[in-house]
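# Structural description and commentary
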Amino acid sequence: MREAIDVLRVSELFGGLEEGALALVAGCAERVTFPAGAELFREGDPCEICYVVEEGRLALSRRGPRAEQRLIVLGPGEAAGESALLQVPAHGATARAAGRLVALALQRDRVLAALAGDGGAAVAVLGSVARVIARHLRFGASGVVGFAKTYSGGALRREHDLLGEREVPADALYGIQTLRGVENFPITGVPLSHFPPLVRALAAVKQAAARANGRLGLLAAPVADAIDRACQEILDGHWHGHFVVDMVQGGAGTSTNMNANEVIANRALELLGHARGDYAACHPNNHVNLSQSTNDVYPTALRIAALALLRDLLSALERLRDALAAKGEELSGVLKMGRTQLQDAVPMTLGQEFTAFAVTTGEDIDRLRETARLLLEINMGGTAIGTGILADPRYPQLVAEELRALTGLDLVIAGNLVEATPDTGAFVLFSGALKRTAVKLSKMCNDLRLLSSGPRCGFSEINLPPMQPGSSIMPGKVNPVIPEVVNQVAFAVVGHDLTITLAAEAAQLQLNVMEPILAYSLFQSLSTLTAAVDVLRERCIAGITANAERTREMVERSIGVVTALVPVLGYERASEVAAEALATGAPVREIVLARGLVAPEALDELLAPAAMTRPRRLPG
């Protein structure tokens, strides 16, 4: 084992400190070994210990709106819980050992006590901690990533491209072509890092390419290994804050591809012992982009990212289906009137209504899975237009093999790469399935809003859980805000589907240059629909209750129950009863008994809930 001071000397948190300050901190360190899966701290726990990884890997995760989500995986030299040294009260994430882990534990009180006698060391140590935390906060990746290591300061480096020279932030992992992309496309304000699955998909494609090129002897082993390691860091959650290009861009995704190429090249350079921007040793185009073009990298990454986002949506839909089925079982004994064209139809149970919602949700899950299979066909190795120029003929199958191993997806190379390169038909069909899901969810929410309308002057058959006051002027009003927000998400998904359709239609000749807006629209649909489904389940479906007395009263007052008497009375006489009930307001039961049309015992049987809400044998 190394001495604690040697571990701290090369750490992100304390590297660069003078020996005296390092010695003070090292004197407080306790080496701790954790087995795989061990929890070092939990989100919300008091923040009292900073851990510096010596050996192994440490995974950080955070509670998300739907489930715990991975943030980042830390390796040797990186620290977790560093805010303990600044007396932050609670941890903002949960830390677990990803395999056997050896770390130096720094107790806050012990470190601060050691620093109390040396003002200079205290300023240096705590200043270093504050700078690292500030860097994380300043350029941390969006969404669940949040801990990406980033650039800081005002130093610049000069880079050049086809159009000339530009100055790039010295600590930026991206380069000149990314800088031009940022300047040219200030469109949505949504950078690539907003969608971590896309950043990870780009890294997976580049990692697979580096491995395939290494196997073919086209990349020197040290360069291939450095690219591989840089990509793995991105897959682990690092460096996402450097994926800064806007999602919507001209150039068919070239700015996205170059953003990935430059970040990976510069991180690989660091791993090789070179400075960022020293591209002779590892070049964004010559090495990271070897055997590739934007036109096969970008659509392949889009497919992988879409499938990753779909996994979350399918999980959310499965949970919703189960919640609806459980609600159907819970309300199976609540009799109510069914309606067609908003008019009374025939009786049913609330349980049947919610069970039908569960079944239709299950059908959407099946359709999404079916159409998603089309996204498994990729065009890697087609390069610019599908002819495979600048790619070894063995490369496509090798890169597909590597991608399958990395992603766990059954990816296959398209049978004709010239056809596959401009073709976005799979996205159109998949978006159509998403639209179908959104439309049916919206219809369900329309029903929930109607059934809960009131409370005095509407249907008022069910009660939605109250989420917030509904009016700034009308006291006591509570609105169905959760179904309303799901409706709005559904409208957006329908709009995104039209955008995707138009983008696919706009393809010309050997390339579809409109894929960026297609990708943005598709990812927005997937992510917002997933959130909406979970919100609907958690904040609406789970808390629904029935007004059973009101529903039964409406059944008894309804004219629609006369339908159950048709087998005995015939259609004409049943219509006469219905007309009289409508004209007089008298219940159907009273009219039938008053006319002596059916004996009381037989009428009770005909109008029993079991007889009116499911099929039964008819008299011969």
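For the structure given in this document, a descriptive report is provided here.

What counts and what doesn't
- Residues numbered from 1 in each chain as written.
- Predicted model: local features only at pLDDT ≥ 70, side-chain atom pairs only at ≥ 80, totals over all residues.
- Heavy atoms only, no water.
- Helix = DSSP H or I, 4+ residues; strand = E, 2+ residues; numbered from the N terminus.
- Contact = heavy atoms within 4.5 Å.
- Pairing = 2+ DSSP bridges.
- Core = buried A, V, L, I, M, F, W, Y, C linked by side-chain atoms within 4.5 Å.
- Buried < 20%, exposed > 50% of the residue type's maximum accessible area, 1.4 Å probe, protein only.
- Phe/Tyr/Trp six-rings, centres within 6.5 Å; stacked < 30°, edge-to-face > 60°.
- Lys NZ or Arg CZ within 6 Å of the ring centre and 35° of its normal.
- Axes fitted to C-alpha atoms, helices over the stretch in contact; angles between N-to-C directions.
- Parallel < 35°, antiparallel > 145°, perpendicular 65-115°, else oblique.
- Left-handed = near helix turned anticlockwise from the far one by under 90°.
- Nonpolar A, V, L, I, M, F, W, Y, C, P; charged D, E, K, R; others polar.
- Expected span 1.5 Å × (residues − 1).

## Section: the environment of Asn266
Mapped onto the elements of the fold, Asn266 is located in helix α8 (residues 254–271). Placed 39 residues apart in sequence, Asn266 and Ile227 show a C-alpha to C-alpha distance of 9.4 Å. The residues touching Asn266, leaving out its near neighbours within four places in the chain, are Arg157, Leu173, Tyr174, Arg276, Gly277 and Tyr279.

## Considering the pairing of strand β4 (residues 58–63)
Bridge count between β4 and strand β5 (residues 68–74): 6 bridges; the pairing is antiparallel. For Leu58, the partnering residue across the bridge sits in β5 and is Leu74. The pairing of β4 with strand β7 (residues 94–97) spans 4 bridges and is classified as antiparallel. In the sheet register, Ser61 faces β7, and the bridge partner there is Thr94.

## Let's talk about the nonpolar core
Of all hydrophobic cores here, the largest spans 120 residues; its most connected members are Leu198, Ile227, Phe523 and Leu536. Not counting residues within four places of it along the chain, the set of residues in contact with Ile227 comprises Lys206, Ala210, Leu219, Ile264, Ala268, Cys282, His287 and Val288. Of all hydrophobic cores here, the second largest spans 26 residues; its members include Leu17, Leu106, Val111 and Val125.

## Considering the packing of aromatic side chains
Using the criterion set out here, one finds 4 aromatic pairs in the structure. Here Phe34 and Tyr51 contribute two aromatic rings whose centre-to-centre distance is 5.9 Å and whose plane-to-plane angle is 75°, an arrangement assigned as edge-to-face. Note that Phe34 is positioned in strand β1 (residues 29–34) and Tyr51 in strand β3 (residues 49–55), a separation of 17 residues in sequence. Its relative accessible area of 7% is what places Tyr51 among the buried residues. We note Arg339 situated over the ring of Phe459; from NZ or CZ to the ring centre the distance is 4.2 Å.

## Thoughts on the sheet that holds strand β8 (residues 101–107)
Strands in a sheet are paired, the pairing made by backbone hydrogen bonds, and the direction either parallel or antiparallel. Here 4 strands make up an open sheet; going across it, the order is β1-β8-β3-β6 and the pairing antiparallel. Edge positions in the sheet fall to β1 and β6 (79–80), since each of these pairs with one other strand and no more. Here β3 pairs with β6 via 2 bridges, running antiparallel. By the bridge assignment for β6, Tyr51 is matched with Ala80.

## Comments concerning the packing of helix α10 (residues 294–330) against helix α16 (residues 515–539)
Running from N to C, α10 and α16 point in directions that differ by 15°, and their axes come no closer than 9 Å. Judged on the interaxial angle alone, α16 and α10 are roughly parallel. Crossing geometry of α10 relative to α16 is assigned as left-handed. Looking at the contact of α10 with α16 residue by residue, the class counts come to 20 nonpolar, 1 polar and 5 charged.

## Quick word on helix α7 (residues 221–235)
Since the α-helix packs 3.6 residues into each turn, any two residues three or four apart lie on the same face. With 15 residues, α7 ought to run about 21 Å at 1.5 Å a step, and its terminal C-alpha atoms sit 21 Å apart, in line with that. Listing the buried residues of α7 in full gives Val223, Ala224, Ala226, Ile227, Asp228, Ala230, Cys231, Glu233, Ile234 and Leu235. On its buried side, α7 packs onto β5, α6 (196–215), α8 and α9 (284–288). Immediately beyond the C-terminal end of α7, within one or two residues, lies Gly237, with a positive phi of roughly 110°.

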